[in-house]
Amino acid sequence: RFNFAIESFVRTFASADHPLVLFLDDLQWADAPSLRLLEALITDTKTSHLLLIGAYRDNEVDASHPLMLSLLEMRKRRASMETVTLAPLGLEECVDLVADTVHAEREEARPLAETCTRKTLGNPFFLNQLLRTLHQEGFIRFDFAAAVWRWDLAAIEKKDYTENVVDLMAGR
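All figures in this text were calculated on a predicted structure; none of them were measured in a lab.

**Some thoughts on the overall build of the protein chain**
Secondary structure summary: the protein chain contains 8 helices and 4 strands in total. Element order for the protein chain, N to C, with α for helix and β for strand: α-β-α-β-α-α-α-α-β-β-α-α. Computed over its C-alpha atoms, the radius of gyration of the protein chain comes to 22 Å, more than 25% above the 16 Å expected for a compact globule of 172 residues. Along the first, second and third principal axes, the C-alpha set of the protein chain runs to 60 × 40 × 25 Å. For the protein chain, buried positions account for 30% of its 172 residues. Residue pairs at least 24 apart in sequence account for 62% of intrachain contacts in the protein chain once pairs closer than 6 positions are excluded. Total accessible area on the protein chain stands at roughly 11,500 Å², and carbon and sulfur atoms take up 55% of it. Averaging the coordinates of the 19 positive side-chain charges in the protein chain and doing the same for the 27 negative ones gives two points 5 Å apart.

**Concerning the nonpolar core**
Val98, Val102, Leu112 and Ile140 are the most contacted members of the largest nonpolar core, which totals 18 residues. Elements with a minimum of two residues in this core: helix H4 (91–102), helix H5 (106–120) and helix H6 (124–136). Beyond its immediate stretch of four places on either side in the chain, Leu112 contacts Val98, Val102, Ile140, Trp151, Leu153 and Ile156. The next biggest cluster of nonpolar side chains, apart from the first, holds 11 residues, and it includes Val10, Leu35, Leu38 and Ala79.

**Details of the packing of aromatic side chains**
Counted under the stated rule, the structure contains 3 aromatic pairs. The interplanar angle of 65° and the centroid separation of 4.9 Å between the aromatic rings of Phe9 and Phe13 together place this pair among those described as edge-to-face. Highlighted residues: Phe9 and Phe13, both in helix H1 (residues 2–13), separated by 4 residues, approximately one helical turn. Residue class for Phe13 comes out partly exposed when judged on its relative accessible area of 45%.

**Overview of the pattern of salt bridges**
This model, assessed by the stated rule, comprises 12 salt bridges. Asp143 serves as the salt-bridge partner of Arg150, at 2.9 Å between the closest nitrogen and oxygen. Exposure remark for Asp143: the relative accessible area of 23% places this residue in the partly exposed category. Among the charged side chains, a salt-bridge network with shared partners connects Glu92, Asp96, Arg106, Glu107 and Arg110.

**Comments concerning the layout of surface pockets**
Here the largest pocket defines a volume of roughly 1,900 Å³. Breaking the lining of the largest pocket down by element, the ones donating at least two residues are helix H2 (32–43), strand E2 (50–54), helix H3 (66–76), H6 and helix H8 (165–171). The element that contributes the greatest number of residues to the lining of the largest pocket is E2, accounting for 5 residues. The residue inventory of the lining of the largest pocket, partitioned by class, reads 26 nonpolar, 13 polar and 11 charged.

Cut-offs used in this document
- Residues numbered from 1 in each chain as written.
- Predicted model: local features only at pLDDT ≥ 70, side-chain atom pairs only at ≥ 80, totals over all residues.
- Heavy atoms only, no water.
- Helix = DSSP H or I, 4+ residues; strand = E, 2+ residues; numbered from the N terminus.
- Rg over C-alpha atoms; globule rule 2.2 N^0.38 Å.
- Buried < 20%, exposed > 50% of the residue type's maximum accessible area, 1.4 Å probe, protein only.
- Contact = heavy atoms within 4.5 Å.
- Areas by Shrake-Rupley, 256 points an atom, 1.4 Å probe, with all protein chains shown as cover.
- Lys, Arg positive; Asp, Glu negative; His and termini not counted.
- Charge placed at Lys NZ, Arg CZ, Asp CG, Glu CD.
- Core = buried A, V, L, I, M, F, W, Y, C linked by side-chain atoms within 4.5 Å.
- Phe/Tyr/Trp six-rings, centres within 6.5 Å; stacked < 30°, edge-to-face > 60°.
- Salt bridge = Lys/Arg side-chain N within 4 Å of Asp/Glu carboxyl O.
- 1 Å grid on protein atoms, 1.4 Å probe; cavity = no way out; pocket = protein on both sides within 12 Å on 5 of 7 lines; lining within 4 Å.
- Points joined across faces, edges and corners; volume = space filled by probe spheres on them.
- Nonpolar A, V, L, I, M, F, W, Y, C, P; charged D, E, K, R; others polar.

Listed below in structure tokens is the structure:
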């Protein structure tokens with residue numbers, strides 16, 4: 001009954017005039033009832049104008065994981081699905097992100113980006129969190145007199161940050 005109620009609820013909001021997008025993150029932690037609901041939504045032939053985006057960490061699931069079994073079942077039932085595997089950011093993308101963050105030219109930001117990329121291995125979420133932490137700890141600061149961002153690259157290089165984003169955030 002619960003799945004039927006949710007399907008009806010989603011159908012109410014998903015229409016040609018107002019398509020509905022649902023984003024579900026960390027599906028590797030979804031329990032069996034949640035995965036059954038997901039299956040019901042995706043394979044419901046009465047629902048249209050729904051885009052469901054699911055994200056999961058592929059390094060935390062194997063072929064026998066409940067999520068992978070659910071995805072296999074959905075494919076068997078001919079659900080329309082696409083898989084996109086995201087790789088870490090490359091150095092040039094990290095340079096762009098850091099340069100945008102500190103409002104600097106790419107070449108000026110490159111040394112900071114190279115250091116941050118080494119510490120985060122190109123993980124965009126981790127890179128963002130590292131930049132926040134560097135700012136909070138005073139390694140990146142705004143120089144109001146010159147109206148520019150400045151950073152202490154030597155101190156950042158020496159600073160031992162974990163290679164795990166969870167540990168970094170827990171430390172904050």
